[in-house]
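Observations on the model geometry
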Amino acid sequence: MKFLCLYSFMLLYFLTCSLLYASDVQDAMKEREVKQSAQYRYGEGINSNPAKAEEVAMRDLCQKISVAITATSDRKVVEMGSEFRDSTVIETQTYSALNLQNLSKLRFTEKGKTRIIAYIDTASLSKSFETAKQKVRDMVSLALQAESEGRIGDALRGYYWSYLLTHTYLGELDLELEGINITDAQLALTEKLDQVVKGLSTKAEVCSHTAGSVEAPVQFFYQGKPVKNLDFSYYCGEMTDYGSVSDGGKAYITLYFEPSKRRHKLPLGIEYTYAGIEMRRHPEIENLYCIFKDKVFELFVDIELYMPWNSEEDTPKPPEPEPLPKPDLRNWSVTIQVLADIKERSEFEDALTDYHQARRLSIATDVNQLPGNNSIYVALLAEKNLAALLHYDGSKYIDVRTCREYEDYMDAFKGEVMVIWIGEPKE
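What you see is a predicted model; the values in this text were computed from it and never measured.

**Observations concerning the confidence of the model for the protein**
For the protein, per-residue confidence averages 81 on the pLDDT scale, and residues scoring 70 or more make up 81% of the total. Within the protein, no element has a lower average pLDDT than helix 1 (residues 2-36), which sits at 61, and none a higher one than helix 4 (residues 152-165), at 96. Here residues 71-97 is modelled with pLDDT under 50, and outside its nearest four sequence neighbours on either side it reaches 58 contacts, counting other chains as well. pLDDT under 50 marks residues 319-324. Its contacts with residues more than four places away, or in other chains, come to 10 contacts.

See the structure below:
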């Protein structure tokens, strides 16, 4: 009986070894085929941690694909002579937006480490690109609908997000946008953004004058019809401030200086990225924005403010700087912009928890508890809403939403608040 049991065990052992050996041989043959055949694209990673080996392999695969995509994009930007700031550095980030169909992996164990080969055949890669192109078409369709309804903020966001998605495929895509004679989708969308902003006009009511500030209600029109939603920024005399149109109503501008002339032109920066709470709900868009956010569109319209208390001639008041600087673009990370754009306290706490669990942020009740080499932020939470999110630069606190500066963070909100310190690893 003992001999029979030993024989059975040995037979099972040899069968298992044979199957494992056969599996290894099959995988080795497949690896050779993948690496030597033009029918595949592959990435390779090796690490003592299997999860990290897989991450490296996926990054390598996606980077090989994205190098071609990014190189093509940079070439087109130069040809267009647009106002993009050319980026010559290709960031090593995985394209979450590359929804690779029929992606496969080979796993090998060598000298205590795991080696992963991630690969995809070119036919499946083509299908993945077709899927990506369809996403662009679908988003452009939504943007066109928003534009026709006067929801210009939604339209600009849709066109820009579509532009981001054009970085996820190779090949041509003709969107056939009216009035734009460009067959390449990426270039057509850059023209479309400019076309929409050129269709905007503004009208300000007579300014009111209070101690230390000038205020004016303003209304936006698109092709002669009232704009239903839109965000914008402007230089208010001390910093960049922000305004918003909702439900087709009026927006309000406040200047913390007194123009010396009766009529004063003010440049308004038109928002198009909408890197806030909506982008957080679309991880593929957020990831692409992180990669390509250095390519910036300069989209501005001018508004004429009327101050009846000034004479037509220049007054002897100190001259104001000419021209006024255009509003600064937001320099905060996508993570911080998303948090700052949240209004409800419960939603902010949920988002903060998500980012903390994903190790993108650290949180503490005291600033000294945060890790070193972190950018420091402090959140002030009122009973039902986020009162303020401030960045501490070592000497002062800067409101992420408005860029207003405070010597003490408690000056940003008068009332009872809960304080949460936030650390973000510096890049």
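**Section: the sheet that holds strand 13 (residues 362-364)**
Across the sheet, which stays open at both edges, the 6 strands sit in the order 13-18-14-15-16-17 with antiparallel pairing between neighbours. Every other strand in the sheet has two partners, leaving strand 13 and strand 17 (405-406) as the edge strands with one partner each. In terms of strand pairing, strand 13 meets strand 18 (residues 418-425) through 3 bridges, oriented antiparallel. Bridged to I363 within strand 18 is I422.

**Focus: the side chain of R345**
With respect to the helices, strands and loops of the structure, R345 is situated in helix 9 (residues 345-357). Judged by relative accessible area, R345 falls into the buried class, the value being 18%. In this structure the side chain of R345 is engaged in a polar contact, spanning 3.0 Å, whose partner is the backbone oxygen of A382. Ignoring sequence-local partners within four residues, the contact set of R345 consists of L381, A382, E383, K384, N385, L386 and M418.

**So, the sheet that holds strand 8 (residues 230-235)**
With respect to topology, 4 strands assemble into an open sheet ordered 9-8-11-12, the strand pairing being antiparallel. Edge positions in the sheet fall to strand 9 (240-245) and strand 12 (300-306), since each has one partner strand and no second. Each adjacent strand pair in this sheet contributes to an overall mean axis angle of 35 degrees, direction not counted.

**So, the pairing of strand 9**
Judged from the 6 bridges that link them, strand 8 and strand 9 form a sheet pairing that is antiparallel. Paired with S233 across the bridge in strand 9 is Y242. Where strand 8 folds back on strand 9, the antiparallel hairpin that results is connected by 4 residues, among which G237 adopts a positive phi of roughly 115 degrees.

**Points about the pairing of strand 10 (residues 251-255)**
Summarising burial for strand 10: 4 of the 5 residues are buried, a large majority. In the sheet, strand 6 (residues 213-222) pairs with strand 10 via 5 bridges, with the strands oriented antiparallel. For A216, the partnering residue across the bridge sits in strand 10 and is I253.

**Overview of the packing of helix 3 (residues 122-148) against helix 5 (residues 185-198)**
Relative orientation and spacing of two packed helices are given, respectively, by the angle between their axes and the distance between those axes. Where helix 3 meets helix 5, the closest approach of the two axes is 13 Å, and the angle between their N-to-C directions is 10 degrees. By the angle between their axes, helix 3 is roughly parallel relative to helix 5. Together, V136, V140, L144 and E147 of helix 3 and L189, K192 and V196 of helix 5 make up the contact between the two elements. Considering only residue class, the contact of helix 3 with helix 5 consists of 5 nonpolar, no polar and 2 charged.

**A closer look at helix 7 (residues 283-292)**
Taking burial as the measure, the 10 residues of helix 7 include 7 buried ones, the bulk of the element. For helix 7, every residue scored as buried is listed here: I285, E286, N287, L288, Y289, I291 and F292.

**A closer look at unusual backbone geometry**
Backbone geometry places D247, a non-glycine residue, at a positive phi of 55 degrees. Tracing the chain through its elements places D247 in the loop between strand 9 and strand 10. Unlike most non-glycine residues, Y274 shows phi in positive territory, near 50 degrees. When you line up the elements, Y274 lands in the loop between strand 11 (263-270) and helix 6 (277-280). The class for Y274 is buried, based on a relative accessible area of 17%.

Criteria and thresholds
- Residues numbered from 1 in each chain as written.
- Predicted model: local features only at pLDDT ≥ 70, side-chain atom pairs only at ≥ 80, totals over all residues.
- Heavy atoms only, no water.
- pLDDT = per-residue confidence, 0-100.
- Helix = DSSP H or I, 4+ residues; strand = E, 2+ residues; numbered from the N terminus.
- Contact = heavy atoms within 4.5 Å.
- Pairing = 2+ DSSP bridges.
- Buried < 20%, exposed > 50% of the residue type's maximum accessible area, 1.4 Å probe, protein only.
- Polar contact = N/O pair within 3.5 Å; in protein donor to acceptor, adjacent residues only side chain to side chain.
- Axes fitted to C-alpha atoms, helices over the stretch in contact; angles between N-to-C directions.
- Parallel < 35°, antiparallel > 145°, perpendicular 65-115°, else oblique.
- Nonpolar A, V, L, I, M, F, W, Y, C, P; charged D, E, K, R; others polar.

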